[in-house]
Amino acid sequence: MYLKCIEIDGFKSFADKIKLDFDMGITSIVGPNGSGKSNILDAILWVLGEQSYKNIRAKESSDVIFSGGKNKKPRNTATVSLYIDNEDKTLEIDDEVVKVTRKINKKSENEYYINDQRCRLKDINELFLDTGVGKSAYSVIGQGKVEKIISASNKEIKSIIEEAAGIKKIKLRKDEAIKKLSKVELETDKINLIVNELE
Ligand code: ATP
């Protein structure tokens, strides 16, 4: 699995639609200060479901929409799509290329898509769980991230190791199952009470 291409339209400094193709191996993005290199990383994190605007260097959700510039009007929406090569089927989807999209409008309404089909943020999170690519995974190492990891709490380090070991998905499913089980136990207690009263 690798990132084949990113399309950015109206996100941060990208007023117009741009498409960047990546090959396997190392790609370097170079450019003058303030030309938008880090905005590309922010776009990747954002489409992966980043909810903390601080992590993508914005103050509020609508900050990610192009706010106008030299001879360019502000945009009303921002859209980012990642095209991921999935030939090795790392992502549990049959397609060889998986397209993941996030859109936002001025009202801060977010939409998420997998292969152009509307989905929930939860679906995006689950798709990338245990692949090392999720928004909180270690595949995007931005400025200051290494220091953050070094000074992370034991709980945070455990979570990074769990993601790398591929057991986070199982743990999440276990937690969900435990929650459901306690709900069922509660309902069973209620039913038993009614049965006892009736007997
Ligand atoms: P450096 O090399 O200094 O780290 P960089 O190439 O990584 O710079 P970025 O930090 O990606 O640059 O881009 C910063 C630019 O993005 C600034 O000029 C800023 O005005 C612009 N920018 C950020 N958000 C928006 C927005 N919503 N609308 C328009 N421009 C924006």
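The structure displayed is predicted, hence computed values, not measured ones. (Residues numbered from 1 in each chain as written. Predicted model: local features only at pLDDT ≥ 70, side-chain atom pairs only at ≥ 80, totals over all residues.)

This part covers the site of the ligand. Around the ligand, 15 residues are found, and the nearest of them are S13, N33, K37, S38 and N39. Tallied by class, residues from the shell around the ligand come to two nonpolar, 10 polar and three charged. (Near = placed C-beta within 6 Å. Nonpolar A, V, L, I, M, F, W, Y, C, P; charged D, E, K, R; others polar.)

The strands that make up a sheet pair up through hydrogen bonds in the backbone, lying either parallel or antiparallel. What the six strands build is an open sheet, ordered 2-1-3-4-5-6; its pairing is antiparallel. In the strand order of this sheet, the two ends are held by strand 2 (18-21) and strand 6 (117-119), each with one partner. Here the strands of the sheet are splayed against their neighbours by 20° on average, with no regard to which way each runs. Packing against the sheet, helix 1 (residues 37-47) makes contact with strand 1 (2-9), strand 3 (77-85) and strand 4 (97-105), and its axis sits at approximately 80° to strand 3. Docked against the sheet, helix 2 (residues 121-128) engages strand 4, strand 5 (110-114) and strand 6, running at close to 45° with respect to strand 5. (Pairing = 2+ DSSP bridges. Helix = DSSP H or I, 4+ residues; strand = E, 2+ residues; numbered from the N terminus. Axes fitted to C-alpha atoms, helices over the stretch in contact; angles between N-to-C directions. Contact = placed C-beta atoms within 7 Å.)

Under the feature "binding site: ATP" (unreviewed entry), the UniProt entry names P32, N33, G34, S35, G36, K37, S38 and N39. Position of G34 among the secondary structure elements: in the loop between strand 2 and helix 1. The class of G34 is exposed, set by 9 C-beta atoms lying within 10 Å. Along the chain, S38 turns up in helix 1. Overall, S38 belongs to the partly exposed group, with 16 C-beta atoms counted inside 10 Å. (UniProt positions renumbered as here; feature names shortened; annotations may be inferred. Buried ≥ 20, exposed ≤ 12 C-beta atoms within 10 Å, placed from the backbone.)

With that out of the way, let us pick up the nonpolar core. One finds F11, A43, V47, V64, A78 and V80 to be the most contacted residues of the largest nonpolar core, which totals 23 residues. Counting only elements with at least two residues in this core, the list comes to strand 1, helix 1, strand 3, strand 4 and helix 2. The element that contributes the greatest number of residues to this core is helix 1, accounting for four residues. Those residues within four positions of F11 in sequence are excluded, and the remaining contacts are A43, V64, F66, A78 and V80. (Core = buried A, V, L, I, M, F, W, Y, C linked by C-beta atoms within 7 Å.)

The next subject is unusual backbone geometry. A positive phi angle, close to 45°, is found at K12, a residue other than glycine. Locating K12 in the fold gives a position in the loop between strand 1 and strand 2. In this structure K12 comes out as buried when scored by C-beta crowding, with 23 C-beta atoms within 10 Å. Even without glycine at this site, D116 takes up a positive phi of about 65°. You can see D116 is positioned in the loop between strand 5 and strand 6.

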